[in-house]
Amino acid sequence: MSKEKKVIEGKRVTFLRGMALEKHPDCYRISVSRYENGKRARTYYPATLEGYKRAYDDCQMAIHERKRYGTAFGNISDDEKGTISLWRKYRDNCQSSGLSYFSAFEVMQKGLEACNTTSPTFKQMGQLYLKKMLYHENGVLTSHIEKVKSRLEKISKHFDQLPMHKITEDAIIDFIRKLKGHQSKAPALPETKKQYIQLIKSVFSFAVKKKELDEKYNPSSSIDIPTIEKKEVEIISLKDVKKIWKHVKKTPYLHQFIPALAVGFFCGARVAERTRMKYKDIFVGGRNEIYLSSTITKNDFARYIYPPACFKQWFEFAKSMGVEMSPDNYILPGRTEINRVDAHIRMMNTLHMAGFSIPRNGIRHTAASNMCVIHGFTEAASQLGHEERILRRHYRLPLTKKDAEAYFKISPDTV
């Protein structure tokens, strides 16, 4: 044990190894140094006889601890020696570069924390999330759930078997950046990317809620949902609508889709509503009305639509062309809603291939714009299942009453 003599308050005292008398700007202080968690630490005491006594006792305790740990860790394995050697190399590299570093204790602590942390894969959590969605739909695999399922499969494939706590924010952003459009090599649309981000955030939040993942390992929490610039509602011109109906009239394959097209073009029903409607929902009780129950509508509120005369004329034409209209038949072909959504997509693709440019939701938007002119915003909002303020904000298009009246006179006899 190394000792050194010093003078404190006129009295010679012995300083043990690890004790030092240091000069500070305003006074002298006694320091006791030790190594804690791989880093040097100092404790200071007043340069008085009382301070010396406390420093001496502290230093003796530190020496005793060094001896005790030296005995306890005197025989270490080659694996442990290699660990220390690896850490010293890391420390020396940091010091030579002027960088701060973690102590050996901190490195081990972080490493053990990572080893002891477990979490499910995104695929496993996604399956549980899907089960929750199915539960809320009473086990019915709706078109929306089918779309979510498809997207979950794509996300899961990207992250493979990586546990959720090891998925980083950069990895998520990289996945979103590389997204491609449906059956296309072009980048996905901003709205599609937004929907994927929302789904990823939902699955991570679900994992946290189920205590399968600690919130500190949720990389999606710091990812903002992008704001999509709202575009003006796009509609189809009166001239082009007439051309579409003329093409439908003379194309036998499209006759089966006339009821769904008529409900869209002349009544403004949403695509999802068209896939859920049956013929018994139309002309209920022989009256000129369509009843959309809460199981059909988007917002779970039932509503009535009062179709124009041309609507019935197209129905009668479709029936004359052999379209089966039994009350319990859906107005789109297909046993399940997913099948009917696919049928609707095929029908729209057929129109696109025929050279018709139909904007996203263009059929409903065209109907809504013309209905606002004919019925006024309040009545149109009621039939469309919209709030009037939304209708006034988005459907203030320069349509004349003459054109709107001509629109609702498009019939098999006029095209």
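Being a predicted model, the structure only gives us computed values, none of them experimental.

Basis of the calculations
- Residues numbered from 1 in each chain as written.
- Predicted model: local features only at pLDDT ≥ 70, side-chain atom pairs only at ≥ 80, totals over all residues.
- Heavy atoms only, no water.
- Core = buried A, V, L, I, M, F, W, Y, C linked by side-chain atoms within 4.5 Å.
- Buried < 20%, exposed > 50% of the residue type's maximum accessible area, 1.4 Å probe, protein only.
- Helix = DSSP H or I, 4+ residues; strand = E, 2+ residues; numbered from the N terminus.
- Contact = heavy atoms within 4.5 Å.
- Salt bridge = Lys/Arg side-chain N within 4 Å of Asp/Glu carboxyl O.
- Disulfide = S-S within 2.5 Å.

K.L.:
I'd love a proper account of the nonpolar core, names of residues and values included.
P.N.:
Generally speaking, a soluble globular protein has its nonpolar side chains buried in company with each other. Counting residues in hydrophobic clusters, the biggest one holds 52 residues, and the most contacted among them are W245, F265, F266, F311 and L351. The element that contributes the greatest number of residues to this core is helix α9 (residues 258-267), accounting for eight residues. The residues touching F311, leaving out its near neighbours within four places in the chain, are A262, V263, F266, C267, I282, F283 and I290. If you look at the next biggest cluster of nonpolar residues, it comprises 27 residues, including Y129, M133, A188 and L199.

K.L.:
Explain the pattern of salt bridges to me, and be specific about the residues and the numbers.
P.N.:
Within the structure shown, the criterion is met by twelve salt bridges. Between E273 and R270 there is a salt bridge, and its shortest N-O distance comes to 2.9 Å. You can call R270 buried: its relative accessible area is 13%. With its nearest N and O atoms 3.2 Å apart, the salt bridge here joins E337 to R276.

K.L.:
Hey, could you go over the state of the cysteines for me, with residue numbers and the actual values?
P.N.:
Scanning the model with the defined rule gives zero disulfides in all. The closest cysteine sulfur to the non-disulfide-bonded C27 is located on C59, 20 Å from its own sulfur. Free of any disulfide, C310 has its nearest neighbouring cysteine sulfur in C267, separated by 8.2 Å.

Interpretation note: all reported values are geometric properties and have no functional meaning in isolation.
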